[in-house]
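# Analysis of the macromolecular model
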Amino acid sequence: MADSTASSSGANCLEKMKNYVRTQKGVILAAEIFISFIIIICYGASHTGGYSSVAICEMVFAMVFFGIFMMEVDKQILVVNWVWSDLFRAGIGAILYLIVSLINVIGGSGDGARIAGGVFGLIAGLLFAYDTYTIYLQIKSTRQHTAASTDERV
């Protein structure tokens, strides 16, 4: 009996993941996780692997937010403003990726894996910046819909 409920909850989680990956936010978060993993591999193969910390942190943060939004925990835990948290995560990720990637592309002569990680990092920086922009548009549209007129002239 326990096996049937465990498999049905696992199937339910898999269905939620399939449905969430089909949304725009799900595609962006999945792409962020994937490109961060590629960057980790590139920096791991380079002579200086210390630059992989940004990719590891951003991949973990993207996985956490992917799980939160996929399982709709953001609608159950209202103490945290998840949209603003996601905005800060994406914005800081974009800035960090761009800085670290420029350092690696400029100073990575002779280390092909480091340069490849830097190029993928620049792409990741643009992806995180796009995510920041879409979240900003979401916040902007939410504020316009909830803004009430305080003008009570007759």
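These notes cover the structure that comes with them.

Conventions we followed
- Residues numbered from 1 in each chain as written.
- Predicted model: local features only at pLDDT ≥ 70, side-chain atom pairs only at ≥ 80, totals over all residues.
- Heavy atoms only, no water.
- Helix = DSSP H or I, 4+ residues; strand = E, 2+ residues; numbered from the N terminus.
- Buried < 20%, exposed > 50% of the residue type's maximum accessible area, 1.4 Å probe, protein only.
- Contact = heavy atoms within 4.5 Å.
- Areas by Shrake-Rupley, 256 points an atom, 1.4 Å probe, with all protein chains shown as cover.
- Core = buried A, V, L, I, M, F, W, Y, C linked by side-chain atoms within 4.5 Å.
- Phe/Tyr/Trp six-rings, centres within 6.5 Å; stacked < 30°, edge-to-face > 60°.
- Salt bridge = Lys/Arg side-chain N within 4 Å of Asp/Glu carboxyl O.
- Axes fitted to C-alpha atoms, helices over the stretch in contact; angles between N-to-C directions.
- Parallel < 35°, antiparallel > 145°, perpendicular 65-115°, else oblique.
- Left-handed = near helix turned anticlockwise from the far one by under 90°.
- Nonpolar A, V, L, I, M, F, W, Y, C, P; charged D, E, K, R; others polar.
- Expected span 1.5 Å × (residues − 1).

Another point: the overall build of the protein. In terms of regular secondary structure, the protein is built from five helices and zero strands. Sequence-ordered secondary structure for the protein, helices as α and strands as β, is α-α-α-α-α. Counting every position in the protein, which comprises 154 residues, the buried fraction comes to 34%. Pairs at least 24 residues apart make up 74% of the contacts formed inside the protein by residues separated by at least 6 positions. With an accessible surface of roughly 9500 Å², the protein has 69% of that area assigned to carbon and sulfur atoms.

All right, on to the nonpolar core then. Ranked by internal contacts, the top residues of the largest apolar core, which has 23 residues, are Tyr-20, Leu-29, Ile-39, Phe-66, Phe-69 and Tyr-97. Those elements giving two or more residues to this core turn out to be helix H2 (24-45), helix H3 (52-70), helix H4 (82-107) and helix H5 (112-146). Sorting elements by how many residues they give to this core places H3 first, with nine residues. Leaving out residues up to four positions away in the same chain, Phe-66 has contacts with Met-17, Tyr-20, Val-21, Gly-26, Leu-29, Ala-30 and Ile-33.

Before going further, it helps to examine unusual backbone geometry. For Glu-72, which is not glycine, the phi torsion reads 60° and is therefore positive. In this structure Glu-72 comes out as partly exposed when scored by relative accessible area, which is 42%.

The next point concerns the packing of aromatic side chains. The full count for this structure, using the stated rule, is six aromatic pairs. On the basis of an interplanar angle of 45° and a centroid distance of 6.1 Å, the ring pair of Trp-84 and Phe-88 is categorised as tilted. Pair noted here: Trp-84 and Phe-88 are both in helix H4, with a separation of four residues, about one helical turn. Overall, Trp-84 belongs to the partly exposed group, its relative accessible area being 33%.

One pass over the structure, following the stated rule, counts five salt bridges. Notably, a salt bridge pairs Asp-131 with Lys-25, separated by 2.7 Å at the nearest N-O pair. Here Asp-131, found in helix H5, pairs with Lys-25, found in helix H2; they are 106 residues apart in sequence, far enough to count as distant. Here Asp-131 falls in the buried class, since its relative accessible area comes to 0%. One continuous salt-bridge network, built from bridges that share partners, spans Lys-25, Glu-32, Asp-86, Arg-89 and Asp-131.

This next bit is on the packing of H2 against H3. The contact between H2 and H3 brings their axes to 9 Å, and the two run at 155°. On the basis of their axis angle, the class for H2 and H3 is roughly antiparallel. Our pair here, H2 against H3, has a crossing hand that is left-handed. Of the residues in H3, those in contact with Lys-25, Gly-26, Leu-29, Ala-30, Glu-32, Ile-33, Ser-36, Phe-37, Ile-39, Ile-40 and Tyr-43 of H2 are Ser-52, Ala-55, Ile-56, Glu-58, Met-59, Ala-62, Met-63, Phe-65, Phe-66 and Phe-69. Split into classes, the residues belonging to the contact of H2 with H3 amount to 15 nonpolar, three polar and three charged.

Between the first and last C-alpha of H4 there are 37 Å, a value that for 26 residues agrees with the 38 Å anticipated at 1.5 Å per step. For H4, the complete set of buried residues consists of Trp-82, Asp-86, Leu-87, Arg-89, Ala-90, Gly-91, Gly-93, Ala-94, Tyr-97, Val-100, Ser-101 and Asn-104.

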